[in-house]
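Overview (structure and organization)
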Amino acid sequence: MKRMIALFCMMALVLTGCGGSTSGDSEATSTPSAGKAYREETYVSLPDENLLYEDDTLNVTDLQTNLQGEPALYQYVTDTDENDESFAAIYEYTLNADGNWQTKECVRKALTKTVMDIVEKEMKDVDIPFITRGDDGNLYALLKVTEPGIQNPMAKKEERLPCQYFALVIDENGNALQKVKLQTKVDVEGTEVDYATEYDVTQFHVTEDGTYFLVFSGSGAMWFDSASGTQTNVCESIADSAFGKKVGFGESEVVYYSTAKKKFGVLDSDTLTLSSEFGDDIPEEYRKYEWYFDTDTTNWQMYAFNLSGLYRFSDFGKKTSATRLSANGSFDSLADANIYDILVGANQELYLLVRKSPEGETGEQSWEFGVLKYTAK
């Protein structure tokens, strides 16, 4: 989970989710305050390296922090070196306080050995679809290994090839990683079903105690022991399609916005049971935009953002409150931008990973990708 940037860097009850209904009554939030005026301070284009983006597509969409707490992007890269030798590595792109990007190559030797052993010795395909900083501050990656196969051209739908998932624990100060196989098979009415083969992973999160959490195709989820990869819990049906869009991970809850109910839902992070709902007192005209979340895991303060403003959530009990930190109109200039992710700094400065049109350009549509920084005035 993303950590706070260091100071120097200045459901209706019928939708119960897993484990039965523990849903409480909806509680009114406090009326959003006027807040401070936020203004764009800087915009820094993404580095033109390793196909971070192609044409109008951004290939890395999670804005995170590095080990020192600075804004960072992480990317899995495979390539050949000057000797035409294949290698695999994780690249870290850090946005420094001076507004420049610094590129760092991580675990190249260890990851190359891991990947090449699978590709060359086992003749299987390898991908790393997720790289994330866990709530414990460590960096993790999800390794997907797929069996080779030939698709039947006569099949009515694409056949899914058997695959496995491994969690990678990355040592950022050395050239080492730990690989943990995740046990993704479950018994469904007497039949063994392997979620890894049947569904795509759409969310990868690591909790403060190191538990691995996977969401499959947005509708089912599993938890795994950090050391053994043994499955510790499974949720076969998630309430209210909660993981259909961005969610916020708290200390013991997951927060999402329900477009159907037009309010926020709070799920228990151990069971995904709906525990409460809130947001009625945020004007509906403010709630209509897409929501993005960020959590400071040093004190578990959660923030939410959409085009109406930046909000701080407090007390995920029966009186959850939402305080608007920004004034009206602070983010009107973002109306035509594509927002991918957000990060909130130690002084409640706001970083946004965006795609937008270059200023002053006309004619054929073109795009640029970068990070916007907003500060309160």
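Residues numbered from 1 in each chain as written. Predicted model: local features only at pLDDT ≥ 70, side-chain atom pairs only at ≥ 80, totals over all residues. Heavy atoms only, no water.

Some thoughts on the packing of aromatic side chains
For the structure on display, the rule yields 23 aromatic pairs. Between tyrosine 340 and phenylalanine 369, the ring centres sit 6.4 Å apart and the planes meet at 40°, which makes this aromatic pair tilted. Of this pair, tyrosine 340 sits in strand E26 (residues 338-344) while phenylalanine 369 sits in strand E28 (residues 368-376), and the two are 29 residues apart along the sequence. Among the residues examined, tyrosine 340 registers a relative accessible area of 17% and is labelled buried. In textbook terms, an aromatic cluster arises when at least three aromatic residues are bridged by ring pairs, as seen for Tyr257, Phe264, Phe278, Trp291, Phe293, Tyr311, Phe313 and Phe316. Here arginine 108 stacks its cationic end above the ring of phenylalanine 87, 3.7 Å away from the centre of that ring. (Phe/Tyr/Trp six-rings, centres within 6.5 Å; stacked < 30°, edge-to-face > 60°. Helix = DSSP H or I, 4+ residues; strand = E, 2+ residues; numbered from the N terminus. Buried < 20%, exposed > 50% of the residue type's maximum accessible area, 1.4 Å probe, protein only. Lys NZ or Arg CZ within 6 Å of the ring centre and 35° of its normal.)

Concerning unusual backbone geometry
Backbone geometry at methionine 123 places phi at a positive 55°, although glycine is not the residue there. For methionine 123, the position within the fold is in the loop between helix H1 (108-121) and strand E8 (125-133). Taking the relative accessible area as the measure of exposure, methionine 123 reaches 55% and is therefore exposed. We note that lysine 262 has phi near 60°; this positive angle belongs to a residue other than glycine. Looking at the element boundaries, lysine 262 is found in the loop between strand E19 (253-258) and strand E20 (263-268).

Describing the pairing of strand E9 (residues 139-146)
Of all 8 residues in E9, 7 are buried, a share of seventy percent or more. Here E8 runs beside E9; their pairing, made up of 7 bridges, is antiparallel. Counterpart to aspartate 127 in the pairing with E9 is lysine 144. Two successive antiparallel strands, E8 and E9, enclose a turn made up of 5 residues, where glycine 137 displays a positive phi of approximately 90°. Two elements, E9 and strand E10 (residues 163-171), share 8 bridges in a ladder whose sense is antiparallel. Within the sheet, the bridge partner assigned to leucine 143 lies in E10 and is phenylalanine 166. (Pairing = 2+ DSSP bridges.)

Topic: the pairing of E19
Within E19, 6 of the 6 residues are buried, which leaves the element mostly enclosed by the surrounding structure. Of the two faces of E19, the one carrying Glu253, Val255 and Tyr257 and the one carrying Val254, Tyr256 and Ser258 are both buried. Relative to E19, strand E18 (residues 248-249) is paired through 2 bridges, and the arrangement is antiparallel. What sits directly across from glycine 248, in E19, is valine 255. Two elements, E19 and E20, share 6 bridges in a ladder whose sense is antiparallel. Bridge pairing in E20 places valine 254 opposite leucine 267. The hairpin formed by E19 and E20 contains 4 residues between the paired strands, and lysine 262 there has a positive phi angle of roughly 60°.

Quick notes on the environment of threonine 211
In this fold, threonine 211 is placed in the loop between strand E14 (201-206) and strand E15 (212-216). On a C-alpha basis, the gap between threonine 211 and serine 226 in space is 5.0 Å, while along the polypeptide they are 15 residues apart. With near-sequence residues (within four places) excluded, threonine 211 lies in contact with His205, Val206, Trp223, Phe224 and Ser226. A polar side-chain atom of threonine 211 sits 2.9 Å from a polar atom in the side chain of aspartate 209. (Contact = heavy atoms within 4.5 Å. Polar contact = N/O pair within 3.5 Å; in protein donor to acceptor, adjacent residues only side chain to side chain.)

So, H1
For H1, with 14 residues, the first-to-last C-alpha span of 19 Å sits near the 20 Å given by 1.5 Å per residue. Among the residues making up H1, those that are buried are Ala110, Leu111, Thr112, Thr114, Val115, Met116 and Ile118. Against strand E5 (71-80), strand E6 (86-95), E8, E9, E10 and strand E11 (176-181) lie the buried residues of H1. Where H1 terminates, the next one or two residues include methionine 123, which has phi positive at roughly 55°. (Expected span 1.5 Å × (residues − 1).)

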